[in-house]
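Per-entry structural report
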Amino acid sequence: MHPPSQTAPATPATDERRRSHGPLVTAWSQRPATALQSIVPDGDWSSIDRRLLDSFVAQATRESAATDRAAAPWPQPLFSQYSAYPLIGERLCYETAVGDRLARLSRAVVLAAASAAGVEVTAPLDPLAEVADGLWLLAEQTTWCWAAHDDAFRRFGTVTPSLGEPFLDLGAGEAVAAVAWAIAVLGDELDERYPGLTDRLQAEAEHRVFRPFLDRDDWHWLGLDVDPDGEPVVLHNWNPWILGNTIAAAAVLCSPDRAELVIDRAVDGIDRYLAGLPRDGAIDEGWEYWWNGAARALEAVETLDRLAGGRLSLDVLDLLPESLRFPLRMQLSADWYVNVADARARGDRTLPFDLLHRWGRRLELPDVVAYATAHRDPDAPVATDRAGLGRLVRVCLDREWAVADARSAALPLPASVDLPSIGMSLAREHDGRSDGLAVSLKGGHNDENHNHNDLGSVIVALDGVPAVIDPGRPTYDARTFGPDRYDIWCMRSDWHSVPAPRGLLQQHGPEFAARDRRGGDHGAQASWSMDLAAAYGLAEHEHWRRTATLDRTASRVVIEDVWTLDDPAGTAITLMLWGDVTEVDQATLHLHRPVAGVRDVMLQHDADEVAMEVVRLDDAMMRSSWGETITRVRLLPRPDADRLLVTVEAAR
């Protein structure tokens, strides 16, 4: 039997189809007519954060001590790991191995750059040789694409990647960017000691990234697709993540003419992404995905500004301030967030907050600077090796971020947030403080990026820690972004704090939406409401209005559901809770909190019956937020009821 052909027709690229005329294209076209400058920011490697350097040296020492060989073995992505995704749907092992390889390369580049700048580096291995080994391994790696993204299995029926038609995905973008940043930082030293290595890497980048990018128009992340009504398909984080990496790589690895061609087309694509961002700065993928969506676009703009010699006009990008504020607007407290879509509930202090710090300084946004600064621990290394080499180089050379100190900044916790573009609202009891109650209510529709069928979902926090929760997402696998997504329990409405009219589940699709959203913050009270009937496909004359209210005077959150149903049999309201739940009486639940120093919660309701179950979590991603268990409470109204009320207060 002959193997299937690995040549399949692709949509050819056309300049007219790709052309965009938005603000970023305008700014880039108006840059000074000079040669492209270095992508490496101004800065002094000799003043690198010593804690970061010492942590990298310690890691290199551990690696060399673990083997009797002259050099510790590099992480090796295996075929069994790659093929595990098309065969059994497991993706984490391969991506972890690839990530470990890139992390070691990142550490080596930083150590080599610091050593070249005269900093004393006592690494057990020659850092420049380590860099060369890492780059060589990338050149020899069969594919730069992550297995979960490669379309070879679907197109050709193989569990091997196509060598003739490499797939350009996030993994390929990360790999080519790592190559580019390593050469941008150490190119002269590498060329002097290892003649020909850079040429080999340029050839690999051309084959794996630049040619597929220029030759094809059918990449879904380009923003050229339209829906059945002729409207552009909403873009997601793949667009700026891949294109930002492609811009940096082209500037380093392409000839000037080819670099200009690649960068111009990449700018067109990011311009389309920026055009799709709403004016209120929100993104439907959730706060955590902001860092790999809008933040990647900001990094691309940073790179373009570097290439233009710091003279890229940004006044045309008037949406930047609101976008920069989105993460802080979703924050409940220092370590907790409103975690809609696939975002996690717990914060991650290793995220590149230096990016926000730089942009906050540049645009003179004190709240953004304060938010970023509040996450800078002066006793910890300035970054980690997992951020990606481009992010790592930037943070190493950002002296102002290195001396930032969380002890000098207070979190900018706004009293309320209203983001109409995604139907999201948040109100807290005290402006600028995490103590007290906070409540969020989610609207939108059920065809958003990373959607969870969770319209009307409420999150209630007390003292900055969620009590009524969104469970979040599990570790990604083959089901996550395919037709079986809503077979995953935590993607379904019956596992969110939402109603179930007649026991119905919410359905997936843009027509399943929250309607007639109203409300606002009126000082003593902040309240929002919406009709959820369409989320369940109810009849036109049926209604379900949910209202979430924060009463600051009474220190109380009220969740009210009012409905008109032809037959209410089977109706229930779900509350997902974190902590130990006990029934005080028929109308009262006591929630003992699993966080020391945080007050317990009392929930009162007028349901006829209560059903509770403790859910044991076996997924590492979900356990990172909630530990071992969460609790699902089902409130069953009286058969003749047309409303149900839940109040949430601190236990007295």
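Residues numbered from 1 in each chain as written. Predicted model: local features only at pLDDT ≥ 70, side-chain atom pairs only at ≥ 80, totals over all residues. Heavy atoms only, no water.

**Remarks on the layout of surface pockets**
- Space inside the second largest pocket adds up to approximately 410 Å³.
- Together, 14 residues line the second largest pocket, and Pro41, Glu302, Arg306, Arg358 and Arg362 are the ones closest to its centre.
- For the lining of the second largest pocket, the secondary-structure elements that each account for two or more residues are helix 13 (294-307) and helix 15 (353-362).
- Ranked by the residues each element gives to the lining of the second largest pocket, the list is headed by helix 15, at 4 residues.
- Class assignment of the residues belonging to the lining of the second largest pocket gives a composition of 3 nonpolar, 2 polar and 9 charged. (1 Å grid on protein atoms, 1.4 Å probe; cavity = no way out; pocket = protein on both sides within 12 Å on 5 of 7 lines; lining within 4 Å. Points joined across faces, edges and corners; volume = space filled by probe spheres on them. Helix = DSSP H or I, 4+ residues; strand = E, 2+ residues; numbered from the N terminus. Nonpolar A, V, L, I, M, F, W, Y, C, P; charged D, E, K, R; others polar.)

**As for the pattern of salt bridges**
- Considering all chains together, one arrives at 58 salt bridges under this definition.
- Between aspartate 367 and arginine 325 there is a salt bridge; the shortest N-O distance is 2.7 Å. Taken together, the residues aspartate 367 in helix 16 (residues 366-373) and arginine 325 in helix 14 (residues 320-329) connect sequence positions 42 residues apart.
- On the basis of relative accessible area, arginine 325 is assigned to the buried category, the value being 16%.
- Across the salt bridge formed by aspartate 521 and arginine 552, the nearest N and O atoms sit 2.9 Å from each other. With a gap of 31 residues between them, aspartate 521 in strand 11 (residues 515-521) and arginine 552 in the loop between strand 13 (543-551) and strand 14 (556-564) connect regions that are remote in the sequence.
- Here aspartate 521 falls in the partly exposed class, since its relative accessible area comes to 29%.
- By sharing partners, the salt bridges in this structure join Glu302, Asp354, Arg358, Arg361, Arg394, Asp398 and Glu400 into a single network. (Salt bridge = Lys/Arg side-chain N within 4 Å of Asp/Glu carboxyl O. Buried < 20%, exposed > 50% of the residue type's maximum accessible area, 1.4 Å probe, protein only.)

**Remarks on empty space enclosed by the protein**
- On inspection of all chains with the given rule, the structure shows 5 cavities of 30 Å³ or more.
- The space that makes up the largest cavity amounts to roughly 100 Å³.
- Phe56, Ala60, Glu63, Arg104, Arg107, Ala108, Leu111, Ala123, Leu125, Pro127 and Glu130 are the residues that line the largest cavity.
- Mapped onto the lining of the largest cavity, the elements with two or more residues apiece are helix 3 (50-65), helix 5 (92-116) and helix 6 (127-140).
- Counting residues per element, the lining of the largest cavity draws most heavily on helix 5, at 4 residues.
- By residue class, the composition of the lining of the largest cavity is 7 nonpolar, no polar and 4 charged.

**Considerations on the state of the cysteines**
- What the rule picks out here adds up to 0 disulfides.
- Free of any disulfide, cysteine 93 has its nearest neighbouring cysteine sulfur in cysteine 145, separated by 17 Å.
- Given a relative accessible area of 41%, cysteine 93 falls into the partly exposed group.
- Judged by relative accessible area, which is 1%, cysteine 145 ranks as buried. (Disulfide = S-S within 2.5 Å.)

**As for the sheet that holds strand 13**
- Sheet architecture is open: 8 strands sit in the order 11-12-13-14-21-18-17-16, paired in antiparallel fashion. Two strands lie at the open edges of the sheet, namely strand 11 and strand 16 (580-585), each paired on one side alone. Neighbour-to-neighbour, the strand axes of the sheet open up by a mean angle of 15 degrees, direction not taken into account.
- Bridging between strand 14 and strand 21 (residues 643-650) involves 6 bridges; their strand directions are antiparallel. Within strand 21, the position partnered with glutamate 560 by the bridge is leucine 645. (Pairing = 2+ DSSP bridges. Axes fitted to C-alpha atoms, helices over the stretch in contact; angles between N-to-C directions.)

**Here's the deal with the packing of aromatic side chains**
- Applying the stated criterion to the full structure yields 15 aromatic pairs.
- Aromatic pair tryptophan 291 and phenylalanine 353: ring centres 5.0 Å apart, planes at 70 degrees, arrangement edge-to-face. Linking tryptophan 291 in the loop between helix 12 (287-290) and helix 13 with phenylalanine 353 in helix 15, this pair joins segments that are 62 residues apart in sequence. The exposure classification of tryptophan 291 matches that of phenylalanine 353, with both residues buried. (Phe/Tyr/Trp six-rings, centres within 6.5 Å; stacked < 30°, edge-to-face > 60°.)

**A word on the confidence of the model for the protein**
- Averaged over every residue, the pLDDT of the protein is 93; residues scoring 70 or more account for 95%.
- Every residue in residues 1-10 scores below 50 in pLDDT, and together they form 18 contacts with partners more than four places removed in sequence or on other chains. (pLDDT = per-residue confidence, 0-100. Contact = heavy atoms within 4.5 Å.)

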